[in-house]
Amino acid sequence: MTDKPRLTVALTIDHDAISDSVRRGDPPVKFSHAEFGPRVGAKRLLELCRRRAIPATWFVPGHTLTTFTDDTEAILAGGHELACHGWFHEDFAELSVDEAREVLARSVEAVRSVTGGEVPAGFRAPYWSLGARTLELVAEAGFSYDSSLMADDYRTYRVRSGDRHSTVDGTTWGHETDLFEVPVYWAMDDWPHFEPGPGRSGLAAPSAVLEIWTEELRYAYENAPGGLVMVTVHPECIGRGHRMAMLERFVDAALALDAVVFDRLDRYLARTTQP
Ligand SMILES: [Zn+2]
C-alpha cells in the first residue's frame with residue numbers, strides 16, 4: 001500500500017438482507033427480493049473483494065449478523081470491517097431515546113461477540129434517517145464515526161451538536177463533537193438508481209451509473225488530494241449480474257489510477273485524523 005494515497009476509495013456494503021422485511025412483515029415476493037442479498041449478492045461481493053484484494057466496510061443489521069452467520073464469518077475472514085446498521089433496520093427517527101439506546105447497545109454487543117470483544121467503530125442509520133438525538137446516542141454507545149449525513153463529499157468532518165435554528169433569532173452553530181462523519185450521497189448509492197420506488201422508475205442502465213461514479217472518481221482525484229470517494233451498495237441490488245459487471249469496471253477504473261487505494265472506513269479515519 002502507498003504511504004500517502006492521493007485518493008482512497010471506500011466500498012461500503014449495507015447488508016440489510018431480510019431484517020426490515022421481518023420487522024415490516026413483508027409479503028413473499030418482497031421478502032424474496034431481500035433474500036437475494038444473503039443468498040447471492042453478498043457472496044458475489046465477497047468474491048469480487050477477494051479477487052481484487054480490496055477491503056470493504058460492511059454495515060450489517062444485528063438480525064443479518066446473527067441469522068446469516070456464514071456471511072458474518074466470511075466478512076471477518078476476508079479482512080473487512082464490520083459496522084452497525086440497526087437490528088431490524090429500524091428508522092431511528094421513529095424510535096424513542098430508550099429504544100434507540102437499546103438497539104445500539106444490542107448491535108455493539110453482537111459485533112463484540114463475533115470479533116472477540118472488538119467495539120465497532122462505525123454506525124450508519126438505516127434509510128439514512130436520524131432522530132434529533134440519535135447521533136448523541138451513537139457517540140454515547142462508543143462509536144467513533146457515523147455515515148448518514150451529507151454536508152461534505154470527499155472529506156470527513158466532525159459532527160456538530162447543539163445547532164439552533166430559529167425564524168426569529170436565525171442560526172447559532174453548536175460545537176464540534178468527537179464523533180466523525182463519513183458523508184453519503186444518493187448519486188453514490190446503488191439503490192436510488194436501480195430499485196423502483198416512490199417517484200422513480202429505478203432499473204437504470206449500469207453504464208449511466210458507471211459514468212456518474214467514475215466522474216466522481218476523476219473529479220476527486222484532481223481536486224481533493226488525500227480525500228475519500230465512497231460508494232454505498234446493497235447485496236440484493238448490486239448483486240445482479242449486470243450491476244456486478246459495472247461495479248467491477250468501477251473498481252478497475254479506480255485501481256488503474258496512480259496512488260489510489262481501497263480501504264475500510266475505520267482505517268481511513270485512523271490514518272487521516274490522528275495527529
Ligand atoms: Zn440499509
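What counts, and where the lines are drawn
Residues numbered from 1 in each chain as written. Predicted model: local features only at pLDDT ≥ 70, side-chain atom pairs only at ≥ 80, totals over all residues. Heavy atoms only, no water. Helix = DSSP H or I, 4+ residues; strand = E, 2+ residues; numbered from the N terminus. Buried < 20%, exposed > 50% of the residue type's maximum accessible area, 1.4 Å probe, protein only. Polar contact = N/O pair within 3.5 Å; in protein donor to acceptor, adjacent residues only side chain to side chain. Contact = heavy atoms within 4.5 Å. Donors = N, O, S within 2.8 Å, 3.2 Å for Na, K, Ca; no water. Tetrahedral: all angles 85-135°; square planar, octahedral: opposite > 155°, others 65-115°. Pairing = 2+ DSSP bridges.

1. Details of the side chain of threonine 115
Right, on to step 1. Looking at the element boundaries, threonine 115 is found in helix α5 (residues 97–115).
Right, on to step 2. Owing to a relative accessible area of 18%, threonine 115 belongs among the buried residues under this scheme.
Right, on to step 3. Of the polar contacts made by the side chain of threonine 115, one reaches the backbone oxygen of valine 111; its length is 2.8 Å.
Right, on to step 4. When near neighbours in sequence (up to four residues on either side) are disregarded, threonine 115 contacts Leu76 and Leu82.

2. Concerning the environment of leucine 82
Right, on to step 1. Note on placement: leucine 82 falls in strand β3 (residues 81–84).
Right, on to step 2. Discounting residues that sit within four places of it in the chain, leucine 82 has contacts with Trp58, Val60, Leu65, Thr72, Ile75, Leu76, Val111, Val114, Thr115 and Pro120.

3. Description of the coordination of the zinc ion
Right, on to step 1. Coordination sphere of the zinc ion, protein contribution only: Asp16 (OD), Asp16 (OD), His85 (NE2) and His89 (NE2), at 2.1 to 2.5 Å.
Right, on to step 2. What the four donor atoms of the zinc ion show is an angle range of 54 to 140° at the metal, which sorts the shape as irregular.
Right, on to step 3. Donor residues binding the zinc ion come from one chain and are separated in sequence as D-x68-H-x3-H.

4. Quick look at the pairing of strand β10 (residues 227–233)
In the case of a regular strand, side chains alternate between the two sheet surfaces.
Right, on to step 1. Burial within β10 is extensive, with seven of its seven residues counted as buried.
Right, on to step 2. Burial along β10 is two-sided: the face carrying Gly227, Val229, Val231 and Val233 and the face carrying Leu228, Met230 and Thr232 are both buried.
Right, on to step 3. In terms of strand pairing, strand β1 (residues 7–14) meets β10 through seven bridges, oriented parallel. Opposite leucine 11, over in β10, you have valine 231 as the bridge partner.

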